[in-house]
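Fold and geometry: a report
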Amino acid sequence: FAPDLVKADFAVGDKMLSERAQRDKKTQATVIKIMQDALSDGMKSTGATVHWRFAVLAAAALALQVRRDSPADATTAELFLKGLNSDVLALRQLCRAVLPVLFLSEQVSAGGSDMEVEMDGTDDKMSDDDILWPEDFDATLSASYSGPFKDVSWVGWNRIVNDKVQDGARAASFAQAVTSVLGSADWISGYVDKTSQDHRLSGDERAESKSGGATMPLASAGIQSACDSRWLWPRTSAASLSADFSKNTMLTVEAIITATGLTGVDAMWAQLETAASTTNDRELQCTAAEMFGGIVRASHSLSAGDQDKLKGRMTTLMTATLGAAPPDSVNAWSEMLRYIAANRDPRRLQWLTQIVLALSDSISDDTGGGALSLTKALKFQQALMMEFTWRGMAMARAVSEKSKGLLGRSSKAVREEAGRALVLVLRCMARFGRTSAATTLAAPTFVSDWFPKQLSELYTTYTTALPAEATPERLALKNQIEGALYVFCHSSLLGHTTSIAPLLKDGFPIMLAVQEDSDKEFAQIGKVALELVATSVDSREVALELLKIAEDMLASSSSWRVKQACVNFAREVTHTMILDETKMHTAECLDKAMGDSNLEVRSSACFSLAGLLRSLPSEKLTDFVARVPKPRRRGAKAKEQSEEDRAAQLVRRHAKVLAVAAAVLSTPTEVPEWMPDAVCSLCVLQDEEAIIRSSVTSTVGDFRKSHQDSWEEIRVTWTEDQLRLVSESSGTQSYFS
C-alpha cells in the first residue's frame with residue numbers, strides 16, 4: 001500500500017476507463033450513423049433498400065440514444081423532421097413523439113438546467129413574500145401588461161417559479177435542422193396534409209396504431225414525462241375535451257417555432273391560415289388548432305418586440321377562426337385553449353382572453369344561429385377558466401357578469417352553458433393555494449352581489465306572483481329559474497359542490513318550489529338538482545341547514561309534491577351524512593312526515609325511515625314496533641264522527657301501521673327476535689280501511705320476497721298460526737312478484 005503504487009494503480013485504472021469511454025463513444029457514433037443511414041434510406045419514396053419496418057426500428061433506436069448529456073445532432077433532428085412527411089403512419093407518429101424531446105433535451109443541456117430539480121424548502125410557509133394570491137394576477141383586461149409574469153410550473157405549488165429554460169440558450173443543432181426543412185414549401189404543406197390525414201383514421205386504424213408500437217420508445221418515456229410535468233402540466237383534473245387533439249403535434253410545432261422564431265412562423269403561416277379557414281374539414285380544423293397552440297406556446301420565448309408583432313397577426317387570425325369554428329371542431333379549439341393557458345400567468349394571454357370574451361358580446365338574439373354561436377363562445381370561455389383557475393380573477397369577473405344576463409336566455413343550450421360557466425367561476429375563486437380545515441368558504445363578491453338576490457327574487461315571484469300559464473312572462477320566469485338550477489346541477493355533476501355550498505341555502509327553496517309545476521320537464525330539473533345536491537353535499541353544517549329548510553317547507557307547504565320532495569331529500573342526505581346527530585334529526589323529521597295528511601308523503605316517509613332505522617339506536621326501532629294499533633273488533637259499532645275527525649283518525653292509525661312497516665322493511669335479510677310478532681301484528685289488521693289494508697299487504701309481500709332465500713329456515717322457527725297469517729296477508733305469490 002505504498003503511496004506510489006496506489007497512485008500508479010489509480011492511473012492505470014483511469015487510463016483503462018478513458019480508453020473504454022472512447023471505445024464506447026466510437027461505437028455509439030457508429031451505431032448512430034448506421035441507424036441514420038437506414039432511416040434515410042427507408043424514407044425514400046422510390047428505390048429504398050430498407051424495408052419500412054426496419055426504418056421505424058432505426059428511428060426508435062436513434063430516439064433511444066438521446067440523453068440530456070448527449071443530445072441529438074442536426075442530422076438526426078433533420079431525419080425526424082422529414083419523417084413527419086413519411087408515407088408510413090408508424091414513423092410519423094413516432095417522429096411527432098420524439099421531436100419535442102430532441103429539442104428540449106438539447107435546450108436543457110445548453111442551458112445547464114435540470115428538468116427534474118426539486119424545489120427547496122417545505123410547503124408550509126404561509127407568510128413568505130413569494131406566496132401568490134388571486135389579487136396578484138388581477139389586471140384590467142383591456143390594459144397592456146408587460147410583466148413581470150408569474151408562471152407556476154409545479155402541481156399544487158402557488159409560489160413564484162421563474163421558468164428560465166425558455167429564456168436560455170437556443171438548441172443550435174435542432175434549429176439548424178429546422179431551418180433546413182423549412183426552406184422547402186413542399187415539406188410544410190406535406191406536414192399539414194399528413195397530420196390532417198392522420199386525424200381521418202378510422203377507429204380500427206387508430207386502435208392498431210396505439211398498440212402497434214408507433215409511440216414513444218419506452219426508454220425515452222421518462223424524459224417525455226419529465227418534460228410534461230415541468231413545462232406542460234399541471235392541467236386541471238377536468239377530462240380532456242377532445243380525443244382528436246394531438247399534444248405531440250402541438251409540441252412539435254412549439255419546438256420548431258422556439259428554435260427558429262418568427263422565421264418559422266412566416267414559413268408555416270400560409271398553411272395555418274388555409275387550414276384555419278377550411279371550416280368544412282373537421283380534421284384540418286384540428287390540425288390548425290394544434291399548430292396555433294404550438295405557436296402561441298412558443299411565442300413566450302421570443303423577444304418582447306417579436307411577441308408584439310406575432311400577437312397582432314394571431315389576434316386577427318384567432319378572432320376570425322374562433323368566430324367561424326364549426327360545432328364539430330369546438331372541442332378541438334377548446335382543448336387548444338386549455339393547453340395554451342396551462343401553467344401560464346393569465347396576464348400573458350390578456351389579448352386572447354379579450355377575443356374569447358368578445359365572441360358573446362354582439363349576440364343579442366338566440367334565433368338565426370345566435371344560440372349556437374353563444375354556446376360556442378361560452379365553451380371557449382370555460383376552457384380558459386379551467387386552466388386559469390384562481391389566478392384568472394379578471395376573467396372570472398367578466399364571465400360572471402356575462403352569465404348574469406345569459407342564465408335566462410330562450411335557448412336551453414345557452415342556459416346550460418351559462419350555468420356551467422358560472423360554476424367554473426365559483427370553483428376557481430372559492431378555494432385557492434393553501435386553506436386550513438377551519439376556513440369558511442364564501443362565494444366571490446362579484447357573484448354573491450347578484451346571484452343570491454336573483455334566486456330570492458325568483459322564488460318570491462314563483463310562489464306569490466306566478467304569471468298565467470302560456471304567457472311570455474311565465475316562459476321568461478321559467479327560463480330564468482331553469483338557468484339558475486343548472487348552476488347547482490352542473491356544480492354537483494362536475495364535483496364542485498364545495499364551491500357552490502355558500503349559495504345552496506339561497507337556491508334550495510326554489511328547487512323545492514318547482515316540484516309542483518304543471519310542466520313536468522321543468523319540474524324534473526328541480527328534482528334532478530335536489531337529488532344531486534343531496535348526494536354530493538359533504539358539509540354537516542350545510543346539510544343541517546338544508547334539512548332545516550326542508551323541515552320548514554314540509555310543515556308549511558300545501559303541495560304534496562313539495563312535501564314528498566322534502567322527504568326524499570332528507571332520505572338521500574342521510575346516505576351521505578354518517579353522523580348520528582344528522583341522522584337523528586332526519587329521523588325526527590321523517591317521523592313527523594308519516595303523520596302528514598297526504599298519502600304520498602306518508603308512504604315516502606315510511607320507505608325513507610326503513611333505510612334509516614338500521615343506523616339508529618335500537619330504542620328507536622323498539623318504539624316503532626310498539627306503535628302497532630290494536631285490531632278492530634268485528635261487528636263493533638262505529639262512533640259518530642264528522643268527516644274531518646274520521647279522516648284525521650284514519651291518518652293517525654295509518655301512521656302507526658307505517659311505523660311498524662318501516663321497522664319490518666328495515667331488515668330485508670335478517671329475522672330478529674321481534675320480527676315474527678311485528679309481522680303478525682300487521683297481518684291481523686284485516687277489518688281496516690283500504691289504504692291500511694294496502695299498506696299491510698305490500699309490506700308483508702315485500703317481507704316474503706326479501707326473505708325468500710331463507711324461507712325454509714323461517715318455516716322451521718315460526719308457528720303454524722304465524723305462517724298462516726303471513727300466507728293470508730302477503731297476497732298472491734308468483735315468479736314475477
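Residues numbered from 1 in each chain as written. Predicted model: local features only at pLDDT ≥ 70, side-chain atom pairs only at ≥ 80, totals over all residues. Heavy atoms only, no water.

Attention now moves to the confidence of the model for the chain. On average, residues of the chain score 82 in pLDDT, and 85% of them reach the 70 mark or higher. Within the chain, no element has a lower average pLDDT than helix α7 (residues 203-211), which sits at 43, and none a higher one than helix α19 (residues 451-464), at 94. Note on residues 113-127: pLDDT is under 50 here. Beyond four places in sequence and across chains, it has 27 contacts. pLDDT under 50 marks residues 432-439. Its contacts with residues more than four places away, or in other chains, come to 10 contacts. (pLDDT = per-residue confidence, 0-100. Helix = DSSP H or I, 4+ residues; strand = E, 2+ residues; numbered from the N terminus. Contact = heavy atoms within 4.5 Å.)

Next up on the list: the packing of aromatic side chains. Inspection of the entire model under this criterion finds 10 aromatic pairs. Three or more aromatic residues link up through ring pairs in this structure, and these residues are W450, F451 and F488. Above the ring of W269, the side-chain terminus of R313 is found at 4.5 Å from the ring centroid. Lying across the ring of W711, R704 places its NZ or CZ 4.3 Å from the centre. (Phe/Tyr/Trp six-rings, centres within 6.5 Å; stacked < 30°, edge-to-face > 60°. Lys NZ or Arg CZ within 6 Å of the ring centre and 35° of its normal.)

A rise of 1.5 Å per residue sets the reference length of helix α12 (residues 304-324), with its 21 residues, at 30 Å; its end C-alpha atoms lie 30 Å apart and thus fit the reference within 8%. Turning to α12, its buried residues are Q307, L310, M314, L317, M318, T321 and L322. Against the buried residues of α12 lie α10 (262-277), α11 (282-299), α13 (330-341), α14 (350-358) and α15 (370-388). (Expected span 1.5 Å × (residues − 1). Buried < 20%, exposed > 50% of the residue type's maximum accessible area, 1.4 Å probe, protein only.)

To continue, consider the side chain of K563. Examined against the element boundaries, K563 turns out to sit in helix α24 (residues 560-576). Looking at K563, its side chain comes within polar contact range of the side chain of D596, at 3.0 Å. (Polar contact = N/O pair within 3.5 Å; in protein donor to acceptor, adjacent residues only side chain to side chain.)

Every α-helix carries 3.6 residues per turn, so stepping three or four residues along brings you back to the same face. Counted at 1.5 Å a residue, the expected span for helix α30 (residues 690-706) with its 17 residues is 24 Å, and the 24 Å between its end C-alpha atoms agrees. Residues of α30 that are buried: I692, S695, V696, T699, V700, G701, F703 and R704. At its buried positions, α30 is contacted by α28 (643-665), α29 (675-683), α31 (711-717) and α32 (720-729).

Inspection of the secondary structure puts V533 in helix α22 (residues 520-536). Sequence-wise, V533 and A501 are 32 residues apart; in three dimensions their C-alpha atoms are separated by 9.5 Å. Every residue in contact with V533, bar those within four places of it in the chain, is listed here: S492, L504, M511, L546 and F569.

Turning to unusual backbone geometry, a few remarks are in order. Leave glycine aside and you will find that most residues have negative phi; peptide bonds, for their part, are mostly trans. Of note, T389 is a non-glycine position whose phi angle comes to about 45 degrees, a positive value. With respect to the element layout, T389 can be found in the loop between α15 and α16 (393-406). Residue T389 is classed as buried on the basis of its relative accessible area of 14%. One non-glycine residue, A470, lies in positive phi territory at about 70 degrees.

Quick look at the state of the cysteines now. Within this structure, the stated rule accounts for 0 disulfides. Unpaired in terms of disulfides, C589 finds its nearest cysteine sulfur in C566, a separation of 7.6 Å. No disulfide involves C680; its nearest neighbouring cysteine sulfur is the one of C683, lying 5.4 Å away. Residue class for C680 comes out buried when judged on its relative accessible area of 10%. (Disulfide = S-S within 2.5 Å.)

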